[in-house]
Amino acid sequence: MFIRDAWYVGAWSHELDTTSMMSRRLLGDNVLFFRTTGGSIAAIRDRCSHRFAPLSMGRREGDCVRCMYHGLVFDADGKCVEEPGRKGVSPNTDVRSYPTVERYKQVWIWMGDPAKADASLIPDCHYQDDPAWASIPAYIHYKADYRLILDNLLDFSHLTYVHENTLGGSATIAHIRPKVERNGDTVRLTRWYLGEPGIAPYLNGFGTFEGPVDRWHIYELHIPGNVFLMDSGSAPAGSGAPEGRRVDEAMQFRATQIVTPEDEQNSHFFWSYAHNFNIGDEDFTRKLAARIAEGFEEDRLMIEAQQDEVNRSPNDKMAFIIADNGLALGRRIIDERLAAEQVAAG
Amino acid sequence: MFIRDAWYVGAWSHELDTTSMMSRRLLGDNVLFFRTTGGSIAAIRDRCSHRFAPLSMGRREGDCVRCMYHGLVFDADGKCVEEPGRKGVSPNTDVRSYPTVERYKQVWIWMGDPAKADASLIPDCHYQDDPAWASIPAYIHYKADYRLILDNLLDFSHLTYVHENTLGGSATIAHIRPKVERNGDTVRLTRWYLGEPGIAPYLNGFGTFEGPVDRWHIYELHIPGNVFLMDSGSAPAGSGAPEGRRVDEAMQFRATQIVTPEDEQNSHFFWSYAHNFNIGDEDFTRKLAARIAEGFEEDRLMIEAQQDEVNRSPNDKMAFIIADNGLALGRRIIDERLAAEQVAAG
Amino acid sequence: MFIRDAWYVGAWSHELDTTSMMSRRLLGDNVLFFRTTGGSIAAIRDRCSHRFAPLSMGRREGDCVRCMYHGLVFDADGKCVEEPGRKGVSPNTDVRSYPTVERYKQVWIWMGDPAKADASLIPDCHYQDDPAWASIPAYIHYKADYRLILDNLLDFSHLTYVHENTLGGSATIAHIRPKVERNGDTVRLTRWYLGEPGIAPYLNGFGTFEGPVDRWHIYELHIPGNVFLMDSGSAPAGSGAPEGRRVDEAMQFRATQIVTPEDEQNSHFFWSYAHNFNIGDEDFTRKLAARIAEGFEEDRLMIEAQQDEVNRSPNDKMAFIIADNGLALGRRIIDERLAAEQVAAG
Ligand code: FES
Ligand code: FES
Ligand code: FES
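It should be emphasised that the depicted structure is a prediction, and the values quoted were computed from it without experimental measurement.

**Brief notes about the overall build of chain A**
The number of helices and strands found in chain A is five helices and 17 strands. Reported as C-alpha extents along the three principal axes, the dimensions of chain A are approximately 75 × 50 × 35 Å. Buried residues in chain A amount to 58% of all 346 residues. Summarising the internal contacts of chain A: among those between residues at least 6 apart in sequence, 60% fall at separations of at least 24. Entry remark: accessible area of chain A is about 13,500 Å², with carbon and sulfur atoms responsible for 49%. Where the 37 positive side-chain charges of chain A centre and where its 50 negative ones centre are 5 Å apart.

**Brief notes about the sheet that holds strand β11 (residues 138-142) of chain A**
All names here are of chain A. Spatial ordering of the open sheet is given by β11-β17-β16-β15-β14-β13-β12, a layout of seven strands whose pairing is antiparallel. The open sheet has two free edges, formed respectively by β11 and β12 (179-183), since each of these has just one partner strand. The mean inter-strand angle of the sheet, taken between neighbouring strand axes irrespective of direction, is 15 degrees. By the bridge criterion, 10 bridges tie strand β14 (residues 213-222) to strand β15 (residues 227-236) in an arrangement that is antiparallel. By the bridge assignment, Val213 is partnered in β15 with Pro236. The strands that helix α4 (residues 282-312) touches are β11, β16 (251-263) and β17 (266-275); relative to β17, the one it contacts most, it runs at about 150 degrees.

**A word on the relation of the copies chain C and chain B**
The operation relating chain C to chain B is a screw motion whose rotation component is 120 degrees, with 0.1 Å of axial translation and a residual RMSD of 0.0 Å. Both copies of the chain, as the preceding transformation shows, are related through a three-fold rotation axis.

**Examining the sheet that holds strand β8 (residues 80-82) of chain C**
Residue and element names in this part refer to chain C. Sheet architecture is open: four strands sit in the order β5-β6-β7-β8, paired in antiparallel fashion. Two strands bound the open sheet, and with one partner strand each, they are β5 (59-61) and β8. Pairing geometry for β5 and strand β6 (residues 64-66), over three bridges, is antiparallel. What sits directly across from Glu61, in β6, is Cys64.

**Looking at the nonpolar core**
Ranked by internal contacts, the top residues of the largest apolar core, which has 87 residues, are Phe33, Ile109, Tyr202, Trp271 and Tyr273 of chain A together with Leu55 and Phe74 of chain C. Top contributing element to this core by residue count: α4 of chain A, with seven residues. Non-local contacts of Phe33 of chain A, meaning those with residues more than four positions away in its chain, are made with Gly10, Leu16, Met21, Met22, Arg24, Leu26, Ile41, Ala42, Ala43, Val107 and Ile109 of chain A.

**Topic: the pairing of strand β17 (residues 266-275) of chain C**
Residue and element names in this part refer to chain C. In terms of residue burial, β17 counts as a mostly covered element, since 10 of its 10 residues are buried. A two-sided burial pattern is seen for β17, the buried positions comprising Asn266, His268, Phe270, Ser272 and Ala274 on one face and Ser267, Phe269, Trp271, Tyr273 and His275 on the other. Taken together, the five bridges between strand β11 (residues 138-142) and β17 define a ladder with antiparallel strand orientation. Paired with Tyr142 across the strands is Ser267, a residue of β17. Bridge analysis of strand β16 (residues 251-263) against β17 gives 10 bridges, and the strand direction is antiparallel. Paired with Asp263 across the strands is Asn266, a residue of β17. As consecutive antiparallel partners, β16 and β17 are separated by two residues.

**Considering the interface of chain C and chain B**
Facing 31 residues of chain C, the contacting portion of chain B comprises 28 residues. When chain C packs against chain B, the two sides together hide about 2,600 Å² of surface, and 56% of this comes from carbon and sulfur. Among the residues chain C hides against chain B, the three largest losses belong to Tyr161, Met302 and Glu309 of chain C. Together they make up 26% of the total. The interface formed by chain C and chain B includes three salt bridges. The closest approach of N and O atoms between Arg47 of chain B and Asp316 of chain C, which form a salt bridge, is 2.8 Å. One can count 12 residue pairs in polar contact (both at pLDDT 80 or more) joining chain C with chain B. Going through the elements one at a time, α1 (146-154), α2 (158-161), α3 (172-175), α4 (282-312) and α5 (325-344) of chain C are the ones with two or more residues in the side of chain C that touches chain B. No other element matches the eight residues that α4 of chain C contributes to the side of chain C that touches chain B.

**Quick notes on the packing of aromatic side chains**
Residues and elements named next belong to chain C. Applying the stated criterion across every chain yields a total of 52 aromatic pairs over all chains. Taken together, a centroid distance of 5.1 Å and an interplanar angle of 75 degrees make the contact between Tyr127 and Trp133 edge-to-face. Ring centres of Tyr202 and Tyr273 lie 6.2 Å apart, and the angle between their planes is 80 degrees; on these two criteria the pair is classed as edge-to-face. Taken together, the residues span a long stretch of sequence, with Tyr202 in the loop between β13 (186-196) and β14 (213-222) and Tyr273 in strand β17 at a distance of 71 residues.

**Some words on the interface of chain B and chain A**
Facing the 31 residues of chain B at the interface are 29 residues of chain A. When the two sides are added together, the surface that chain B and chain A hide from each other amounts to roughly 2,500 Å², 56% of it contributed by carbon and sulfur. Broken down residue by residue, the surface that chain B buries against chain A is led by Tyr161, Met302 and Glu309 of chain B, which jointly contribute 26%. Applying the counting rule to chain B against chain A returns three salt bridges.

**Digging into the domain arrangement of chain A**
Residues and elements named next belong to chain A. As far as domains go, chain A holds domain 1 (7-119) and domain 2 (124-342). Placing the centre of domain 1 and that of domain 2 at their C-alpha centroids yields a distance of 33 Å. Facing 17 residues of domain 1, the contacting portion of domain 2 comprises 21 residues. Roughly 1,500 Å² is buried in total at the junction of domain 1 and domain 2, and carbon and sulfur atoms are behind 64% of that figure. Three residues, Tyr8, Trp12 and Tyr104, lead the burial of domain 1 against domain 2; their summed loss comes to 41% of the area buried on that side. At the junction of domain 1 and domain 2, the tally comes to zero salt bridges. At the junction of domain 1 with domain 2, the criterion picks out nine residue pairs in polar contact (both at pLDDT 80 or more). At the level of elements, β1 (7-12), β2 (22-26) and β10 (106-110) are the ones that each hand at least two residues to the side of domain 1 that touches domain 2. When residues in the side of domain 1 that touches domain 2 are grouped by element, the largest group, six residues, is from β1. For the side of domain 1 that touches domain 2, the per-class residue count stands at nine nonpolar, four polar and four charged.

Calculation criteria
Here, residues in each chain are numbered from 1, in the same order as that chain's written sequence. Following the order in which they are written, the chains are lettered starting with A and the ligands numbered starting with 1. Under the rules for a predicted model, residues below a pLDDT of 70 receive no local features and side-chain atom pairs below 80 are neither given nor counted, while totals for whole chains, interfaces and linings still include all residues. Hydrogens are left out, water is left out, and the side-chain values use all remaining heavy atoms of the structure. Labels follow the DSSP assignment, with helices taken as runs of H or I lasting at least four residues and strands as runs of E lasting at least two, numbered in each case from the N terminus. Three exposure classes are used, based on accessible area relative to the maximum for each residue type with a 1.4 Å probe and protein chains only: buried under 20%, partly exposed in between, and exposed over 50%. In this analysis, two residues are considered to be in contact whenever any of their non-hydrogen atoms come within 4.5 Å of each other. Using a 1.4 Å probe, the Shrake-Rupley method yields the accessible areas, and only the shown protein chains count as cover for residues. Working convention for charge: Lys and Arg count positive, Asp and Glu count negative, and His plus the chain ends are omitted. In plain terms, the charge of a residue is placed at NZ if it is Lys, CZ if Arg, CG if Asp and CD if Glu. Here the rule is simple: two strands pair whenever DSSP picks up at least two bridges between them. With axes taken as lines fitted to C-alpha atoms, and helix axes fitted only over the stretch in contact, angles between N-to-C directions fall between 0 and 180 degrees. In this comparison the copies share one frame, found by least squares on the C-alpha atoms of residues holding pLDDT of at least 70 in both. In this text, buried Ala, Val, Leu, Ile, Met, Phe, Trp, Tyr and Cys residues form a nonpolar core when linked through side-chain atoms within 4.5 Å. When two components associate, each loses some accessible surface as probed by a 1.4 Å sphere; the sum of these losses over both components is called the buried area. The term salt bridge refers to a pairing of a side-chain nitrogen on Lys or Arg with a carboxyl oxygen on Asp or Glu at a separation within 4 Å. Each polar contact in these results corresponds to two N or O atoms within 3.5 Å; when the atoms are within protein, one needs to be able to donate a hydrogen and the other to accept it, and residues that are neighboring in sequence are counted only if both atoms are side-chain atoms. Working definition: a ring pair exists when centres of Phe, Tyr or Trp rings (six-membered ring for Trp) sit within 6.5 Å. Plane angles under 30 degrees give stacked, over 60 give edge-to-face, the rest tilted. Where each domain starts and ends comes from a domain assignment, either automatic or drawn from a database. Lys, Arg, Asp and Glu make up the charged group, whereas Ala, Val, Leu, Ile, Met, Phe, Trp, Tyr, Cys and Pro make up the nonpolar group; the residues left over, Gly among them, are polar.

As structure tokens, then:
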């Protein structure tokens with residue numbers, strides 16, 4: 001079950017720069033993306049209306065795609081514009097097209113009711129293309145339902161255990177209680193860990209200061225679209241970070257993590273991890289991203305194993321623990337939206 | 001859903017020459033073929049009546065097969081003729097046998113009501129063993145329902161696109177309207193392409209004449225059994241081919257393509273491509289077959305990709321285009337036969 | 001469908017000696033085994049109560065296991081004893097634990113009603129750790145339902161065919177009629193083959209005497225738990241074996257073969273093959289086991305192929321032959337027990 005009325009990330013912009021067409025399964029359907037000669041992004045169903053051949057096995061002809069089975073031609077809006085052997089085209093030959101917006105180095109796609117595709121609903125992910133911040137666009141494929149990944153993002157107590165030697169490195173993370181707030185369909189969590197003895201393992205060798213640390217994770221998950229935006233960092237203990245002062249030595253990060261369902265059992269995970277120090281040092285940006293990726297692999301292994309067990313136990317109830325209020329709020333919002341879409345669908 | 005009252009090709013004759021037994025899944029059931037000492041072909045269910053061990057894991061003993069699990073012995077008619085430890089055999093121990101006919105270098109099998117297995121119903125495929133024609137027996141396995149393969153054979157507009165650089169090579173093929181005729185359960189298509197600038201790419205280097213070409217595809221699909229028989233060729237433009245005159249320079253071919261369902265998602269494709277020039281030049285026969293096989297690979301890739309999409313969209317309707325009358329007629333005949341068999345089955 | 005109120009073998013004892021934890025799927029559920037510091041065996045569901053992460057991805061902490069997703073800690077009884085961030089633990093956080101008994105070098109587990117887990121119900125498998133007998137603990141994984149393996153054990157007519165060149169070597173085995181007895185939920189079979197010309201192929205080179213042979217297979221299958229215990233051997237013909245005299249030259253064996261369902265389509269097969277001659281000659285013990293394993297591979301190939309056919313024919317009836325009385329009795333007992341458990345479950 002997917003929320004359809006939402007802006008999802010379908011691709012990184014750069015993925016469409018070096019290929020004439022790209023097919024990706026989103027919300028259970030195969031979508032064909034391509035960049036037109038004018039530079040805009042077309043997204044149409046990757047399934048010929050005629051006998052369901054994949055259009056991705058077809059051929060770009062200008063801003064159109066020719067199905068290379070029997071030759072129908074579709075334009076960037078999915079309209080069938082040529083049928084061999086006749087003037088005009090037969091009825092019902094158009095394929096579905098999807099509204100897209102290219103923003104923050106990403107291609108956003110709306111797979112629900114096109115009338116509702118208001119670009120102003122796209123969350124602000126500007127750290128991905130703000131020159132004051134540096135990051136690398138990255139991608140992970142998950143063999144897991146998107147909700148298990150969101151659960152993970154909404155419960156950072158896992159940093160202590162899953163990421164003991166990478167992103168975590170402190171038992172405090174599992175022991176403090178975050179502030180959890182709901183704002184419309186957004187879940188906001190605030191977590192401060194004050195006076196920790198040192199920086200997290202993944203920052204070893206990158207430190208900008210020595211001694212005890214105030215760490216924080218302040219993040220929002222925008223449920224429709226599954227856009228997770230995080231302000232995190234480490235500052236010298238007592239330098240005023242909780243009060244809003246971010247001294248020069250503070251190591252600040254802005255993570256963007258976006259989960260797009262591929263189908264009921266698979267997900268796409270688009271991420272970047274921006275830093276505002278060492279700007280221009282591409283080697284640092286790459287090394288930081290590699291450390292983060294290592295941590296994310298730990299998540300993936302755990303979540304895919306969890307998915308196996310969930311599949312074996314479809315009717316069993318999970319226990320609710322004290323760390324679950326963020327995760328439970330996220331699930332509630334998803335369920336509300338799914339129910340609302342079902343009602344709207346009649 | 002398979003039409004059962006039909007002669008299907010189960011094997012090439014030569015496949016049974018170098019093995020004591022061969023198992024092949026046909027219409028969802030495993031069938032064991034073997035050649036008796038008298039040279040006839042036995043075809044029995046490849047499943048012991050006792051505990052369903054495959055008889056293909058058994059042993060030939062004369063014209064019988066011994067199940068090597070607990071030792072029951074079956075003759076070439078599937079009759080259980082020995083049960084260890086007793087005189088005679090227990091009841092209900094026979095396995096099903098199937099009528100077969102060996103003809104045109106192929107083994108034909110009837111998996112429906114044996115009372116209806118009239119050998120005169122087998123279509124004439126004599127080009128496969130006529131000394132005036134040369135060909136090589138060939139086989140392709142398809143991960144696709146047989147109907148998608150028949151669709152392909154009944155709509156040659158695909159030659160222009162799928163086989164642009166091999167069997168096709170001309171936009172005309174997609175643009176002309178074939179003559180489509182029904183004759184009982186046979187679909188007949190006639191396609192002429194007159195005054196084409198040159199021969200098809202797959203014939204490059206094989207040409208027997210130069211200059212413009214009259215090409216044709218005249219073929220029949222015999223629906224029960226899925227036997228596709230084609231008269232095709234290229235002659236000097238204006239040399240009278242459409243009127244029935246086939247001059248010596250004409251390159252004539254007789255293709256036999258037979259689709260036998262393996263199960264709901266897989267098919268066997270037996271084919272040969274006979275030529276009546278360069279007879280005795282085995283190297284030519286081999287090279288021609290290799291070029292055809294290259295084209296058939298293009299079909300296979302497209303059809304298997306199509307099958308994936310069809311499986312994902314079981315309830316969606318395909319669009320009907322102008323090229324579809326052959327294909328639609330084929331589907332109609334299949335549906336009629338399937339319905340008739342269901343009525344007969346009560 | 002599994003009988004749950006039974007002692008099953010979950011592991012060889014030694015498997016738990018060199019690992020901190022071991023997960024194995026039994027009766028469709030993943031079970032986590034570990035040896036406590038006191039040496040006893042813990043067996044708990046390998047699924048965290050919280051979000052179903054596998055506990056086998058967790059960490060041993062003393063006699064407890066910490067889930068390395070969000071940090072819940074479980075003791076050897078499955079009781080949740082620590083939840084990060086709070087005193088005590090949330091409700092419903094315990095995981096299921098299973099009674100175990102370590103006996104005969106094996107770990108026995110009871111996955112049904114724990115109140116019925118009476119250790120005295122475990123069949124006597126003492127040949128596995130009796131110093132007068134030597135054997136090697138062995139294991140085979142089967143892609144087959146446990147019942148097909150029991151069928152095999154209950155019908156030794158298959159030795160003549162499946163094991164023609166290994167364990168069998170005599171047509172007599174398939175031709176004699178065994179004595180079949182029921183004793184509660186145990187099936188007992190007695191088979192004597194007197195005056196055979198020689199020993200079985202698998203004993204070639206191991207013979208302790210020459211000339212004609214009296215062979216026997218006397219075995220019991222204890223249905224709940226699927227414990228197969230066999231007294232078999234070869235003695236000089238006429239030396240009195242059938243009357244109970246076992247002369248020194250007799251080659252005597254005690255086989256223990258235990259089938260534990262993994263899930264509906266897979267099984268665990270734990271076996272040993274004890275001999276009471278050449279004691280202390282480890283090379284002989286190994287060679288003997290290797291010969292037996294070769295024979296068991298023949299079974300596995302046949303049974304897995306049979307399972308494929310059974311899956312394709314779920315509604316077809318198997319024929320009943322004269323050799324089937326042991327097998328049929330086994331099936332009847334299984335069905336009785338399954339029905340009784342279903343009635344008890346309401
Ligand atoms: S499937 Fe695309 S034109 Fe036929
Ligand atoms: S399965 Fe063939 S004889 Fe038993
Ligand atoms: S899944 Fe085990 S503690 Fe959360």
